Structures are given as structure tokens and as C-alpha cells.
Amino acid sequence: MDLRGNLQLHKSRQDASVDTWSYFYTHLMSLWLHRFYIYSCAAFGISIWICIQFFAGRTKKQDGKASWKPASLEVTDDVLVNGYATPKAKEAYVAGVKIFYGSQTGTAKGFAAVLAEAVVALTLPAEIINMREYDPDDCLAEETISKNVCVFLVATYTEGQPTENAAWFCKWLEEAANDFRFGKTYLKGMRYAVFGLGNSVYIDHYNTVGKNIDKWLWMLGANRVMTRAEGDCNVAKSKHGSIEADFAAWRVRFLLRLQALCKGEKKSCSGNCKKGKCKSKVKQSKEGSDHEQRVSEQENTEVEELFETTSEEESGAEEDGDANSVIDVEDLGKLMGHMKKAKKEHELDERAGRMDRSLRTIGKKEGSEQREMITPALRDALTKQGYRLIGSHSGVKLCRWTKSMLRGRGGCYKHTFYGIESHRCMEATPSLACANKCVFCWRHHTNPVGTEWRWKLDQPEMILQEAIENHQSLIKQFRGVPGVKADRFEEAMVAKHCALSLVGEPIMYPEINRFLKLLHGHHISSFLVTNAQFPEEIRNLEPVTQLYVSVDASTKDSLKKIDRPLFKDFWQRFLDSLKALAEKQQRTVYRLTLVKAWNVDELKAYAQLVSLGKPDFIEVKGVTYCGESSASNLTMANVPWHEEVVRFVQELAELLPDYEIACEHEHSNCLLIAHQKFKIHGEWYTWIDYDRFQELVQNYDESGGSKTFTVADYMARTPCWAVFGSRERGFDPLDTRYQRKNKKDISGC
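From a predicted model like this one, the values you see are computed outputs, not experimental measurements.

About the thresholds
- Residues numbered from 1 in each chain as written.
- Predicted model: local features only at pLDDT ≥ 70, side-chain atom pairs only at ≥ 80, totals over all residues.
- Heavy atoms only, no water.
- Helix = DSSP H or I, 4+ residues; strand = E, 2+ residues; numbered from the N terminus.
- Buried < 20%, exposed > 50% of the residue type's maximum accessible area, 1.4 Å probe, protein only.
- Contact = heavy atoms within 4.5 Å.
- Areas by Shrake-Rupley, 256 points an atom, 1.4 Å probe, with all protein chains shown as cover.
- Expected span 1.5 Å × (residues − 1).
- Arc of directions from axis to C-beta.
- Pairing = 2+ DSSP bridges.
- Patch = residues over 30% accessible without salt bridge, like charges linked within 9 Å, V, L, I, M, F, W, Y side chains within 5 Å.
- Salt bridge = Lys/Arg side-chain N within 4 Å of Asp/Glu carboxyl O.
- UniProt positions renumbered as here; feature names shortened; annotations may be inferred.
- Phe/Tyr/Trp six-rings, centres within 6.5 Å; stacked < 30°, edge-to-face > 60°.
- Polar contact = N/O pair within 3.5 Å; in protein donor to acceptor, adjacent residues only side chain to side chain.
- Axes fitted to C-alpha atoms, helices over the stretch in contact; angles between N-to-C directions.
- Parallel < 35°, antiparallel > 145°, perpendicular 65-115°, else oblique.
- Nonpolar A, V, L, I, M, F, W, Y, C, P; charged D, E, K, R; others polar.
- Left-handed = near helix turned anticlockwise from the far one by under 90°.

(A) Structural context of the overall build of the protein chain. On a plain count of helices and strands, the protein chain comes out with 22 helices and 28 strands. A burial count over the protein chain gives 52% of its 749 residues as buried. Residue pairs at least 24 apart in sequence account for 76% of intrachain contacts in the protein chain once pairs closer than 6 positions are excluded. For the protein chain, the exposed surface amounts to about 36,400 Å²; the carbon and sulfur share of it is 53%.

(B) Examining helix α21 (residues 642-654) more closely. Over its 13 residues, α21 extends 19 Å from the first C-alpha to the last, a length consistent with the 18 Å expected when each residue adds 1.5 Å. Taken residue by residue, α21 has His 642, Val 645, Val 646, Phe 648, Val 649, Leu 652 and Ala 653 as its buried positions. On an axial view of α21, the arc spanned by its buried residues comes to 165 degrees, and they lie on one face. Contacts from the buried residues of α21 go to β21 (587-594), α20 (603-613), β22 (617-622), β23 (659-665) and β24 (670-675).

(C) Spatial organisation of the pairing of strand β18 (residues 497-500). Across the two faces of β18 the burial is the same, with His 497 and Ala 499 and Cys 498 and Leu 500 all buried. In terms of strand pairing, strand β17 (residues 425-429) meets β18 through 3 bridges, oriented parallel. Each bridged residue has a counterpart across the sheet, and for Cys 425 the counterpart in β18 is His 497. Of the pairings in the sheet, the one linking β18 to strand β19 (residues 525-530) comprises 4 bridges and is parallel in character. Within the sheet, the bridge partner assigned to Leu 500 lies in β19 and is Leu 528.

(D) A look at a nonpolar patch on the surface. The grouping of Tyr 23, Phe 24, Leu 28, Leu 31, Ile 38 and Tyr 39 at the surface amounts to a nonpolar patch, some 670 Å² of accessible area in total. Where the nonpolar patch is concerned, the elements lending two or more residues are α1 (2-33) and α2 (35-66). The element best represented in the nonpolar patch is α1, accounting for 4 residues. Summarising the element assignment, Tyr 39 is placed in helix α2.

(E) Highlighting helix α3 (residues 107-120). A rise of 1.5 Å per residue sets the reference length of α3, with its 14 residues, at 20 Å; its end C-alpha atoms lie 20 Å apart and thus fit the reference within 8%. Those residues of α3 not exposed but buried are Ala 108, Phe 111, Ala 112, Leu 115, Ala 116, Ala 118 and Val 119. Buried residues of α3 fall within an arc of 160 degrees about the axis and therefore sit on the same side. Looking at the buried positions of α3, the neighbouring elements they touch are β5 (96-102), β6 (126-130), β7 (148-155), β8 (191-198) and α7 (243-262).

(F) Representation of the side chain of Glu 230 in the model. Within the secondary structure layout, Glu 230 lies in strand β10 (residues 229-232). Under the relative-accessibility criterion, Glu 230 is labelled buried at 18%.

(G) Inspection of the UniProt feature "transmembrane region" (unreviewed entry) in the protein chain at higher detail. When the UniProt feature table is mapped onto this chain, "transmembrane region" (unreviewed entry) is found at residues 36-56. Secondary structure over residues 36-56 splits into 100% helix and 0% strand, and the C-alpha atoms at its two ends are 30 Å apart.

(H) Broad picture of the pattern of salt bridges. On inspection of all chains with the given rule, the structure shows 27 salt bridges. In this structure, the salt-bridge partner of Arg 424 is Glu 421, at a minimum N-O distance of 3.6 Å. Overall, Arg 424 belongs to the buried group, its relative accessible area being 17%. Within the structure, one salt-bridge network assembled from shared partners comprises Asp 135, Asp 137, Asp 138, Arg 407 and Arg 409.

(I) A look at the packing of aromatic side chains. Evaluation of the coordinates by the stated rule reveals 27 aromatic pairs. With centroids separated by 5.7 Å and ring planes inclined at 65 degrees, the aromatic side chains of Tyr 418 and Phe 617 adopt a geometry described as edge-to-face. Of this pair, Tyr 418 sits in helix α13 (residues 413-418) while Phe 617 sits in strand β22, placing them 199 residues apart in sequence. When the ring of Phe 617 is compared with that of Phe 678, the centres are 4.5 Å apart and the planes differ by 35 degrees; the resulting orientation is tilted.

(J) Expanded view of the side chain of Thr 416. As for its placement among the helices and strands, Thr 416 is situated in helix α13. The exposure class assigned to Thr 416 is buried, which follows from its relative accessible area of 1%. A distance of 2.7 Å separates the side chain of Thr 416 from the backbone oxygen of Gly 730, its partner in a polar contact. Setting aside chain neighbours within four positions, we find Thr 416 in contact with Glu 664, His 665, Trp 687, Thr 718, Trp 721, Ala 722 and Gly 730.

(K) Representation of the packing of helix α19 (residues 570-582) against α20 in the model. Axis separation between α19 and α20 bottoms out at 7 Å; the angle between their running directions is 50 degrees. Compared by their axis directions, α19 and α20 come out oblique. Contact with α19, carried on its side by Phe 574, Leu 575, Leu 578, Lys 579, Leu 581 and Ala 582, involves Leu 609, Leu 612 and Gly 613 of α20 and no other residues of that element. The residue makeup of the contact of α19 with α20, split by class, is 7 nonpolar, 1 polar and 1 charged.

(L) Looking closely at unusual backbone geometry. For Thr 123, which is not glycine, the phi torsion reads 60 degrees and is therefore positive. Position of Thr 123 among the secondary structure elements: in the loop between α3 and β6.

(M) Looking closely at the environment of Asn 234. Within the secondary structure, Asn 234 is located in the loop between β10 and α7. On the basis of relative accessible area, Asn 234 is assigned to the buried category, the value being 18%. In contact with Asn 234, not counting residues within four places along its chain, are Asn 199, Ser 200 and Val 201.

(N) Seen up close, the sheet that holds β17. Strand order in the open sheet formed by 10 strands is β15-β16-β17-β18-β19-β20-β21-β22-β24-β23, with mixed pairing between adjacent strands. Each edge of the sheet is formed by a strand with only one pairing partner; in this case those strands are β15 (388-390) and β23. Taking each pair of neighbouring strands and ignoring which way they run, the sheet shows an average axis angle of 25 degrees. Direction of pairing for β15 relative to strand β16 (residues 394-397): antiparallel, over a ladder of 3 bridges. The partner of Leu 389 across the bridge, within β16, is Gly 395. Where helix α14 (residues 460-476) meets the sheet, its contacts fall on β15, β16 and β17, and the angle it forms with β15 comes to roughly 165 degrees.

(O) Broad picture of the packing of α20 against α21. Between α20 and α21, the shortest axis-to-axis distance is 10 Å and the interhelical angle comes to 55 degrees. Relative to α21, the element α20 lies oblique. In terms of crossing hand, the pair formed by α20 and α21 is right-handed. On α21, the residues touching Leu 603, Tyr 606 and Ala 607 of α20 are Phe 648, Glu 651 and Leu 652. A class-by-class count of the residues in the contact of α20 with α21 yields 5 nonpolar, no polar and 1 charged.

(P) Seen up close, the environment of Pro 162. Along the chain, the position of Pro 162 falls in the loop between β7 and α5 (167-177). For the pair Pro 162 and Gly 102, spaced 60 residues apart in sequence, the C-alpha to C-alpha distance is 7.5 Å. Other than its neighbours up to four places away in sequence, Pro 162 contacts Ala 155, Tyr 157, Ala 167, Cys 170 and Val 209.

Below, the structure is given as C-alpha cells:
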């Protein structure tokens, strides 16, 4: 009975298990058979959830924008400090508007006042600036970080010139735009707009100043906030009927643009700002004449090509196997639109030279007409760089240290080492041509190169007279410039020193001795620099105040790599030049330019060269980076720090038993090693008694060279502030050192 009961119980349990499994199996099969509907419902639900999330996020974003107050023109965030949320300093997209005006009759000044009122109405600060009272050299670079918008209201005066109060600003801006040391990013971050005032009756010069300022600012990297506009005094041609109406229409557009900038809009102007021109995308009405359009296109072409310093001839010049070959124009590339014409002239001249080389003599024409060294393309290029060209092969330019000392902001290293008055120094050259193509050339090889003189020859009297006149003309431009000291301005009108180191190889000039005598006859001291490739000319050189030889490397390989000389026998010429220097009785200097990773590890070789030339002084200067150039692969990485230059000089001085470190000019990254004969009773006498030198050289000339003199006859005591180790580090305490903000060093003296 019990067994039967257990079997029945076991069977009932099996039946229950089977029923349970059948139940679940039935439902699972039902779900599987209807899986398509289940998947569809799930997908629909997920889609609904995504849509809800999307619209909810969009609504929050719109609510956030709606809560922002346009009147504040600012954005704020909270930051966590010590566990508490504190308001972050407000960030303004536009800090204010600076309105520069260049006005002759007061129209632009009046427009500036009207615009300032409109800007203030937008709760923004506005500052009206007379361009005469503004120093771009000190202040303009600060606009790259100031968050200001700079507006230029400038009139064009007689013959397309700027008004009197804007003349200096425009002069500085033009030179900066064409000086590669500033570079294409000097004013990057600065925002500006230009409104020009002119009269289309004077079609050749219509709104020239406004166009130029717009172009130069763009060349320096500044950002237009809107297309340049032009007001026309000629009612018949004015777009809106009068210049006042033109300005009013532009003012409305500018204020709208300003409000957009205040809201954080980062886009530049609404036009096409390529290649220096800015044309609105909207189809413009026909405002200007065909002549104006052609002029504008020509200017823009020049701007586009100005930054290019490549040369198709450079590689050919280096590989030329003829030791007497001459490359007249080097490394101009596509700098000017006239390059093709200049190249044709060059090729014709080379062909003529190969046909009859025997007819070429130094400084004379014998059967073949010698052409001018300065071709039209070269003249245009150098003029844009701020040169005042003289005759067919000479030039003068104002050194930046001259400008600095005029304003009481310190002189160059020659002032510290030798006592020259930098504001009375004329930087010139009687020969733009050079026999080297140095990697650190300041001029990016926009000057001719050659191994002998074969150009038209100008007389030294004419060169000196025009050099002095052009130098005085450059100085006169500083009359009334903010910060210029009146007494130094008057002194600067009479040049007392001449640095023949502007560009090229002055000693190549066949009449260099006559030129030096003329300088001394005008009581102008002479500082002549040569690249040590003309030993005979050094031997035949008449006395100069101080004679320099550039010793850029101490081995044959490094000299070839750095100076890239044209002569095949460059190394022998280099050594012979140093030997010739040792024969001179006047002051002689080795000029060493340190290029990091190129020539800083050649101490013992440098010491051997010193024993060969026995110079009185050794100047050691860190290389100055002059910007990008296809003619050189030099970068900022090759520029040594001042501490590195000091360390190099200290190590070099230890290898020279008769020399010591005498002076330092930290601002130029330069030090002076002097022979111990200039240290008398523990004091240095590296300075020059210039009046005494003039007496000595006059006696020398009058005696026909029989009354000679030496360095000991015109030395002067060096002040304590100029001595190495002084607290001033070579900066004259009578001047005030000006620290520029957000401005790169463009020194290069």
C-alpha cells in the first residue's frame, strides 16, 4: 500500500512538472512568434526617449541665451575657491574703442568726436587720439592684447601725403611694414577699421593715406573688423552725396559691427581679406575709376610679393665654377613686379661681360658701358625697407639706436664700448655690393653680390654730400615726435660718426680712401667693417678711427657654411686679411657673431685666429634673428641667450693671455674683450678721444703720411658703468631704459 502510494505521489509530481514546463514553453513560443512586434515597440520607445531628450536640451540652451543681457556685453563664470563658488572676473570681448585721427582742416577730428559719442552710447569707453601725440613705436604693439578696436580716420593731403599730424605715424608704420625684423605677426591680435577722407577730383592720390594705413596694418598681421571705407569731398562722385553722408553711413555699419564684436563674434571683416585687399562679398556699386582699380591691384600685388625673398639664382651662384663670376642681383625673388625686367638686364649684362672681360676695369669705362649697381627693382625694394639711396651704388639709413638715443632711451653698444654719441651717428655705405651671402644677413640678401667692382662709379664728394643731406632729412622727421629731447635733436643734425656697416662691403668701393679723407675732413669719425675677403684693400687702406673685420667662424668649413663666400680661395683670403689687420697702427677689432649650434664650439680655433691678427678688441655678439628667409635656415633656436654669450666670452678670454673682458652691453647681447694695453693703472681706456683723432689724422694727411700715430695716441678712459661687471651692465645711467610690453626685440646694430 505504501509502495503504491509512493508511486502515485511520484507520478503526480512528474505530471505537475510537465504542466509547469508546458506553461512556460507555451508562453516562450508565443513571445518568439511575436518577436517582431516586441522589437518594434522597443525601438519606438527608444526613439520617443531620444526625441524628448533632444528637445529638452535645446529648450535649456535657448533659455540660457535668453537669460543673457546684451547690455552688459560680458560673460561670467563661477569658480570654486576653498569649496565655495565665487564669481569669476568678467571677460569683455571689447575693452573699448580708440579713435585715431589725421586731420588738416578739422574734418576728421570732428568725425572722431561724433563717433566717440556714438560708441559711448553703447556703454563702451572711447578715446580720441591725435596721431601727432601717439608714439607707435612704444604703444601700437600693446593693442595686440588690449582688446580695443582701433579706428583710423585719416585724410589725404597734398600730393597724396598724410596730414601734418599723421606724418610721423605713417612714416613709422610704412618702415615697420617693410622691415622684415618686425615680421608678419607683429600686430597679430590688433583689431582695426579705416575710414579715409579724400577728394576724387585728385584721382591720382584719392584716399592714398587711408589705403596705405590699411595695407601696412594688414602687412604687420593686424585684423580688419570691417572693409575699408572712403569718404569723398567731391559731391558729384560721393556715394551718399557728401563726405558727411559717407561717414554717417559708414558709422552705422561700424556700430553694428562693434555690437557683434561685443557679443563675442570672432570673425574678421565680412570681405575678402586676402593679399592685402579687402573687398566686400556683396556686389559693390561702381565707385572708383579704372585708374584707381589698376593702382589698387598693383599695390596689392606688391604686398603679396613683398614677403617673398626667395631667389632662383642663388643655387646657381653657389655652384658656378668660375672664380671670377659675378652675380649682380641676389635673392630678390618675387619681391617686386619688375623682377623679370631686372633679370633680363642681368642676363644681358652677364652676356656682355663674358664676350669681353678684358674691357672691364675697376671704376672705369673702357669700350663697354658699365651699368648702375642699383637696378629699378632693387631701388624699389631697398626704398621700401627705409633706405635713402645715393647715386648708383650707395645708401644711408637711420639706425634704431639713433632713434632711441634721441629720446633718451640709451645708445648702442658702440656708445658703451667706445663712447660714440648714437644720436649723432650716420649709418651708411658707399657700396651696396658684397662678396658674401651670410646666413644671418639683416637684409635677407636684397643687395647685389660680386667679387670685383664692375659697375658705374660715383664720385666720393657727391656720395658724402648726399649722405649727410639724406641723414639730416631722416633726423628732421623726428621734430615734434613725443619723447625726443630738444637738445639731442639739435645735436643730431650734425653727424659726428659714420658707421660704414649698413650693408654690403664698403672696402670694395675703389675710392674708399678718398671717401674716408672726406669724412675726416668733415670731422666725422669712421667705423669701417669688412668681411675679410679683400686683403690687399685692407693693406692699402688709409687710417680709420676703427677698423673691423668680421670673424664669423674659425674653420674653413664653418666659414663656408655661415658666410657662404663667392670666392673659391675664400679661406686664404680670410687668413691674409687677418694678417693685413695686424699691420695696422690704428684701432682694430675682430667682430664675432655667435650662431648657436654653428660656431660656438670653436674656442681654440678662435684663439689661434686672434694670435694671427692681433686685434686691439674682440666684439662678441649673439646673432640677431631677422625673420624667415628662403636664403637662410636660421631660426630662433640659433640665437644664444646673453648668459651663453657671457660664458663663451669668459672661456675665450681664458685662452688669450694678453686679453681681458672689458665691457658689456646687455641690451645688445654683446661683450667686449680688450687687449691689456688698454688697461692702465687698473682702469680701462677703451673709449676714443675723437677730437684728438681728428688732429692726428689731419697731421697725417698734411704730412703725406709721414706723421703716423697709434692707438695709444687717442684713447680715453672708460666710465665705470660701461665696464664688465657693473650694476648697469652697459646701460648709460644718464638715459632711461624703456621696457617694451609684448614686443619682440628688433635690435641689430
